[in-house]
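Coordinate inspection notes
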Amino acid sequence: MSGDTSPLLRVDDLVVDYRLARGVRFRALKGVSITVGAGECVGLVGESGSGKSTLGRALLGLAPVESGKVTFDGQDITHAKGTARRKLANDIQVVFQDPYGSLDPTMTVEEILAEPLEVTGTSKKQARAVVAEMLDRVRLPGDAVHRYPSEFSGGQRQRIAIARALVRRPRLIVCDEPVSALDLTTQATILDLFIDLQRETGVAYLFISHDLGVVRRVCHRTSVMYQGEIVESGHTRAVTEEPDHPYTRRLLLAAPVADPARQAERRAAWLGLRDSA
Ligand SMILES: Nc1ncnc2c1ncn2[C@@H]1O[C@H](COP(=O)(O)OP(=O)(O)OP(=O)(O)O)[C@@H](O)[C@H]1O
Ligand SMILES: [Mg+2]
């Protein structure tokens, strides 16, 4: 711990350029700043292609950072590589949308969860205890250990992916659309799991979603991204209920609501907005 009140994660004026064919560059992040406090959940919303995953990748050292700075627990990690980057894997983990793609189908759940521990020299016996603890944390039965990812439902697979992210006891998890592939009921139970895990472990989340309803459920603060820039940030309630920026208003109006009459109203308003945009 740094011992002061500085945030766990701090991103300052980050610029990311992808290099395309024939020397062309595409600026995917145009000076993005965001903070995540210890134990906090910060939402990042925006339409497809706005740069959300690029920001997530930049935190993991996987995006071509042109300028700006990423600070984690007071340390400049913008260009951390090799051993320094590997050490960061204990502190910063990631959960993706599609747990199928990120879970090796040839490994049992026990092997999947124990692997990151064995890399760091944990004994088999200790690893088994941690695996049991993590399965319990994500509410999966203990006998899941000998099964393969394909033998689980989508929601259960996402629980396995979350357990694997938790194994190294990270302080921050970048969640990139972690419930987008799940049906609504399963989404709700997984979102509640994220909230419970945060209470139990104090882990912080950068929670990427295109869905305002999702961030409303789990995030303390939310930033809205539009074409590589953050156009609005604040307490989730303020951002999602009384947005200042026209783009956020449009996102909000496009989000589904439970009441069909209100949904129709919103849809009409959204169409009106879109026409006048
Ligand atoms: N490896 C890459 N090379 C070139 N351009 C890229 C690369 N990855 C992403 N981009 C471009 O950068 C922009 C931001 O992409 P990014 O994946 O960060 O968006 P996103 O907000 O996560 O979208 P989605 O909601 O669809 O996941 C897009 O225009 C995308 O085409
Ligand atoms: Mg993305």
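Shown above is the structure to which this text applies.
In short, a report on the structure.

**A short note on the packing of aromatic side chains**
For the structure on display, the rule yields 4 aromatic pairs. Plain terms: the ring middles of Phe 194 and Phe 207 are 5.3 Å apart, the flat faces sit at 85 degrees to each other, and that makes the pair edge-to-face. One end of the pair, Phe 194, is in helix α7 (residues 184-201); the other, Phe 207, is in strand β8 (residues 204-209), with 13 residues separating them in the sequence. By way of ring pairs, the aromatic residues Phe 194, Tyr 205 and Phe 207 are connected into one cluster. The ring of Phe 152 has Arg 147 sitting right over it, with the charged end atom 4.3 Å from the ring centre.

**Some words on the site of ligand 1**
Neighbouring residues of ligand 1: 14 residues in total, closest Ser 48, Gly 49, Lys 52, Ser 53 and Thr 54. In this structure, Gly 51 approaches ligand 1 through a main-chain N or O atom, which is 3.0 Å from an oxygen atom. In the model, a nitrogen atom of ligand 1 is placed 3.4 Å from a nitrogen or oxygen of the Arg 57 side chain. Elements represented by at least two residues in the shell around ligand 1 include exactly β2 (25-36) and α1 (52-59). The element contributing the most residues to the shell around ligand 1 is α1, with 4 residues.

**Re the packing of helix α6 (residues 154-166) against α7**
Between α6 and α7, the shortest axis-to-axis distance is 10 Å and the interhelical angle comes to 20 degrees. One finds that α6 runs roughly parallel with respect to α7. As for how α6 packs across α7, the hand of that crossing is right-handed. Across the interface between the two elements, Gly 155, Arg 159, Ile 162 and Leu 166 from α6 touch Thr 186, Thr 189, Ile 190, Leu 193, Phe 194 and Leu 197 from α7. Each residue belonging to the contact of α6 with α7 can be placed in one class, and the counts come to 6 nonpolar, 3 polar and 1 charged.

**Here's the deal with the state of the cysteines**
Across all of its chains, the model carries 0 disulfides by this definition. Cys 41 supplies the cysteine sulfur nearest to Cys 175, a cysteine that is in no disulfide, at a spacing of 7.0 Å. There is no disulfide at Cys 219, and the cysteine sulfur nearest it, in Cys 41, is 3.5 Å away. For Cys 219, a relative accessible area of 7% translates into the label buried.

Rules and cut-offs
- Residues numbered from 1 in each chain as written.
- Chains lettered and ligands numbered in written order.
- Predicted model: local features only at pLDDT ≥ 70, side-chain atom pairs only at ≥ 80, totals over all residues.
- Heavy atoms only, no water.
- Phe/Tyr/Trp six-rings, centres within 6.5 Å; stacked < 30°, edge-to-face > 60°.
- Helix = DSSP H or I, 4+ residues; strand = E, 2+ residues; numbered from the N terminus.
- Lys NZ or Arg CZ within 6 Å of the ring centre and 35° of its normal.
- Near = heavy atom within 4 Å.
- Polar contact = N/O pair within 3.5 Å; in protein donor to acceptor, adjacent residues only side chain to side chain.
- Axes fitted to C-alpha atoms, helices over the stretch in contact; angles between N-to-C directions.
- Parallel < 35°, antiparallel > 145°, perpendicular 65-115°, else oblique.
- Left-handed = near helix turned anticlockwise from the far one by under 90°.
- Contact = heavy atoms within 4.5 Å.
- Nonpolar A, V, L, I, M, F, W, Y, C, P; charged D, E, K, R; others polar.
- Disulfide = S-S within 2.5 Å.
- Buried < 20%, exposed > 50% of the residue type's maximum accessible area, 1.4 Å probe, protein only.

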